[in-house]
Amino acid sequence: MSDSSPQPKKLFIKTYGCQMNVYDSERMAEALGTQGYVETGSPDDADMILLNTCHIREKAAEKVYSELGRFKGLKAAKPDLKIGVAGCVAQAEGEEIMRRQPLVDLVVGPQSYHRLPDLEARARGGEKALDTEFPEEDKFNHLARRPKAKRAPTAFLTVQEGCDKFCAFCVVPYTRGAEVSRPAERILTEARDLVERGVREITLLGQNVNAYHGAGPDGGDRTLAQLIWDLDKIDGLERIRFTTSHPNDMTDELIEAHGTCAKLMPYLHLPVQAGSDRILKRMNRSHTVDSYLRLIERIRAARPDILMSGDFIVGFPEETEADFQATLDLVQEVGYGYAYSFKYSTRPGTPAAERPQVPAAEADDRLQRLQALITRDQRRIQDSMVGREMSVLIEKPGRRDGQMVGKSDYLHAVHIENADLKQGDLVPVRILSSGANSLAAEAIGPAR
Ligand code: 5AD
Ligand code: SF4
């Protein structure tokens, strides 16, 4: 008997950049699943390669072009292979990509993923397919869902997209568009579905997630804090996180939720970008160092053990050594459990691109000094976990036999020597020691 069902086509997606791109890549795989695609882990046997790109810094965008160049051989060997560029580089440089790299068949911006099946069909027909519009309809609403496949215990869920803040260095308002929140009921339906498939921790995503104001069931707006309390009621969902927040949108009720909602994890990513008011003003951040510090004081009053995380840019146009020192002072004062620091990267079309730039060597030197301080603080805070009791959500086996790895409430990687633990277990532990990039712990109670 011969099997007449068509061979599935293979899709390879490479994801760059932020967690929202990770979420989007999953949605794109689902959309193309309706066209008979299954995912593969390698570009070599793919019928379609999609690069989901990031435009936030120059290096991120350049990586896309060098990666595309590497597919030349593959395409020559397999002329049917279709190559697509998605994400923020696609949005910002759409037609330019097709001109610069003729082997690209398809370009799709972050707001048009639901149109992928149609774009794919056009590309298969030999057309160069491009869609970088900002359509009115909710793309998430049109995306096909995968049948009830089992999932890893942690998942991202996009609740808000885009940004109206226009920080002077940032391309996000241009690539992701204006701030839009998804209706609460759709998010809750998606969350329940994730939990049914085995998800126990959900991270709510948005470029300005704490400005979330999606339509509620009664027609009014739901805030992020209200959404968190709605999620809190879902049985089987054990942990809630959200990222990325803007200091100006940290409301009292959200701060309070950190003290009262047991499922809301004690971790907050709250980028400040710089420690000098002069630079913050030039960055169009609309908060001061002092207002940021007072905000952290209030957050810590609500949840004393909260672990703070931040983003910093060094070498922003006109940043002086004194401005930079103020950033070091701020980092020292806050004590970040995690912090991400970047050298300012000129983004065409943003206001700061036109201003006098800090010499590259100086910016490099500042980045090194800032990272040394951050690394020291991160290690100190990680070490301070030793002896403490907390929970770990088990994600996968560790490198050694019988060892499992998961994440603590504070998002540190934790190793546990215990062969009885399995993926998805939430286990109470005591931290035994702190290593270079992770903690070691022992279980002190049964997993659930
Ligand atoms: N140059 C360097 N870093 C940037 N970021 C955003 N735009 C730029 C830029 N032009 C950083 C900010 C932001 C993080 C996601 O990336 O710190 O919070
Ligand atoms: Fe970019 Fe500023 Fe919006 Fe964050 S708040 S996405 S840094 S413009």
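Preceding block: the structure.
In this text, all values refer to a predicted model and were calculated from it rather than measured experimentally.

Trainee: When you look at unusual backbone geometry in this model, what are you seeing that I'm missing?
Mentor: Note: most peptide bonds trans; most residues except glycine with negative phi. Residues T243 and T244 are joined by a peptide bond in cis, for which omega reads 5°. With respect to the helices, strands and loops of the structure, T244 is situated in the loop between strand 13 (239-243) and helix 10 (252-260). The phi dihedral of F166 is positive, around 50°, even though this residue is not glycine. By the secondary structure assignment, F166 is in the loop between strand 8 (160-161) and helix 7 (172-175). By relative accessible area, F166 is classed as partly exposed at 38%.

Trainee: Whenever I open this one, the nonpolar core confuses me. Can you help?
Mentor: Where a protein is soluble and globular, its nonpolar side chains tend to be buried together. Core analysis: the largest hydrophobic core is formed by 71 residues, its most contacted members being L204 and L227. Within the second largest apolar cluster, 22 residues are counted, among which are A46, I49, V64 and V89.

Trainee: Looking at this structure, I do not really get the site of ligand 1. What am I missing?
Mentor: In the region of ligand 1, the neighbouring residues are I56, R57, F169, Q273, D311, I313, F342, K343, Y344, S345 and R347. Take Q273: an N or O atom from its side chain is 2.6 Å from an oxygen atom of ligand 1. Here an oxygen atom of ligand 1 and a side-chain polar atom of D311 are 2.7 Å apart. Protein chains bury 87% of the 400 Å² of accessible surface belonging to ligand 1 in isolation. If you list the elements that add at least two residues to the shell around ligand 1, you get strand 15 (307-314) and strand 16 (338-343). The residue makeup of the shell around ligand 1, split by class, is five nonpolar, two polar and four charged.

Trainee: Explanation requested: the packing of helix 12 (residues 289-302) against helix 13 (residues 321-334) in the structure shown.
Mentor: Two packed helices can be described by the angle between their axes and the distance between those axes. Relative to each other, helix 12 and helix 13 sit at 10°, their axes nearing to 12 Å. The angle between helix 12 and helix 13 places the two elements in the roughly parallel class. Residues V289, Y292, L293, I296 and R300 of helix 12 touch helix 13, and the partners they reach there are L330, E333 and V334. Class assignment of the residues belonging to the contact of helix 12 with helix 13 gives a composition of six nonpolar, no polar and two charged.

Trainee: How do you make sense of the packing of aromatic side chains when you look at a structure like this?
Mentor: Where two aromatic rings form a pair, the distance of their centres and the angle of their planes describe that pair. Throughout the structure, instances matching the rule amount to five aromatic pairs. Relative to Y174, the ring of F166 lies with its centre 5.6 Å away and its plane at 75°, an arrangement referred to as edge-to-face. Relative to Y336, the ring of F312 lies with its centre 5.4 Å away and its plane at 80°, an arrangement referred to as edge-to-face. One end of the pair, F312, is in strand 15; the other, Y336, is in the loop between helix 13 and strand 16, with 24 residues separating them in the sequence. For the residue pair F312 and Y336, the accessibility class agrees, reading buried in each case.

Trainee: Teacher, can you tell me more about the pattern of salt bridges here?
Mentor: Pairs may arise between side chains of opposite charge once their charged atoms sit close together. Taken as a whole, this structure holds 48 salt bridges when the rule is applied. R27 is the partner of E30 in a salt bridge, and the nearest nitrogen-oxygen pair spans 3.2 Å. In this pair, E30 and R27 both sit in helix 1 (residues 19-33), three residues apart, roughly one turn of the helix. Here E30 and R27 have matching classes, each one buried. A salt bridge links K78 to D47, with the nearest nitrogen and oxygen atoms 3.7 Å apart. Separated by 31 residues along the polypeptide, K78 in the loop between helix 3 (72-77) and strand 4 (82-86) and D47 in the loop between strand 2 (37-39) and strand 3 (48-53) bring together distant segments of the chain. On the basis of relative accessible area, D47 is assigned to the partly exposed category, the value being 21%. Salt bridges here are not isolated pairs; linked through shared partners, they connect E26, R27, E30, R151, R182 and E190.

Trainee: Sorry, what's going on with the pairing of strand 1 (residues 9-15) here?
Mentor: In summary, the side chains of a regular strand alternate between the two faces of the sheet. Relative to strand 2, strand 1 runs parallel, the two sharing three bridges. By the bridge assignment, L11 is partnered in strand 2 with E39. A crossover connection joins strand 1 to the parallel strand 2 through helix 1; in handedness this β-α-β unit is right-handed. Pairing geometry for strand 1 and strand 3, over five bridges, is parallel. Among the inter-strand pairings, I13 is bridged to a residue of strand 3, identified as L50.

Trainee: Whenever I open this one, the site of ligand 2 confuses me. Can you help?
Mentor: The environment of ligand 2 is made up of C163, K165, F166, C167, F169, C170, V172, P173, N208, H246 and R285. Among the residues making up the shell around ligand 2, the classes are represented as seven nonpolar, two polar and two charged.

Trainee: Looking at this model, I keep getting lost on the packing of helix 8 (residues 184-196) against helix 9 (residues 224-232). Mind explaining?
Mentor: Interhelical geometry of helix 8 versus helix 9 gives an angle of 35° and a closest axis separation of 11 Å. In the packing of helix 8 onto helix 9, the handedness of the crossing is right-handed. Note on element contacts: helix 9 touches helix 8 through L227, D230 and L231, opposite A184, I187, L188 and A191. Classifying every residue of the contact of helix 8 with helix 9 by side-chain character gives six nonpolar, no polar and one charged.

Trainee: Would you take a moment to explain helix 1 for this structure?
Mentor: Since there are 3.6 residues in each turn of an α-helix, residues three or four apart along the chain are aligned in direction. Taking 1.5 Å per residue, 15 residues should reach 21 Å; helix 1 reaches 21 Å between its end C-alpha atoms and fits that length. Counting buried positions along helix 1 gives 11 out of 15 residues, so the element sits mostly inside the fold. Those residues of helix 1 that fall on the buried side of the exposure criterion are M20, N21, Y23, D24, S25, R27, M28, A29, E30, A31 and L32.

Trainee: Is there a simple way to think about the sheet that holds strand 14 (residues 267-269) in this case?
Mentor: To summarise the sheet geometry, strands pair through backbone hydrogen bonds and adopt either a parallel or an antiparallel arrangement. Spatially, 14-15-16 is the arrangement adopted by the three strands of the open sheet, whose pairing is parallel. Strands with a single pairing partner mark the edges of an open sheet, and in this sheet they are strand 14 and strand 16. Shown here is a sheet whose adjacent strand axes are inclined to one another by a mean of 10°, direction ignored. Bridging between strand 15 and strand 16 involves six bridges; their strand directions are parallel. Bridge pairing in strand 16 places S309 opposite Y338.

Criteria and cut-off values
Residues numbered from 1 in each chain as written. Chains lettered and ligands numbered in written order. Predicted model: local features only at pLDDT ≥ 70, side-chain atom pairs only at ≥ 80, totals over all residues. Heavy atoms only, no water. Helix = DSSP H or I, 4+ residues; strand = E, 2+ residues; numbered from the N terminus. Buried < 20%, exposed > 50% of the residue type's maximum accessible area, 1.4 Å probe, protein only. Core = buried A, V, L, I, M, F, W, Y, C linked by side-chain atoms within 4.5 Å. Near = heavy atom within 4 Å. Polar contact = N/O pair within 3.5 Å; in protein donor to acceptor, adjacent residues only side chain to side chain. Areas by Shrake-Rupley, 256 points an atom, 1.4 Å probe, with all protein chains shown as cover. Nonpolar A, V, L, I, M, F, W, Y, C, P; charged D, E, K, R; others polar. Axes fitted to C-alpha atoms, helices over the stretch in contact; angles between N-to-C directions. Parallel < 35°, antiparallel > 145°, perpendicular 65-115°, else oblique. Contact = heavy atoms within 4.5 Å. Phe/Tyr/Trp six-rings, centres within 6.5 Å; stacked < 30°, edge-to-face > 60°. Salt bridge = Lys/Arg side-chain N within 4 Å of Asp/Glu carboxyl O. Pairing = 2+ DSSP bridges. Right-handed = clockwise from strand over helix to strand, strands pointing away. Left-handed = near helix turned anticlockwise from the far one by under 90°. Expected span 1.5 Å × (residues − 1).

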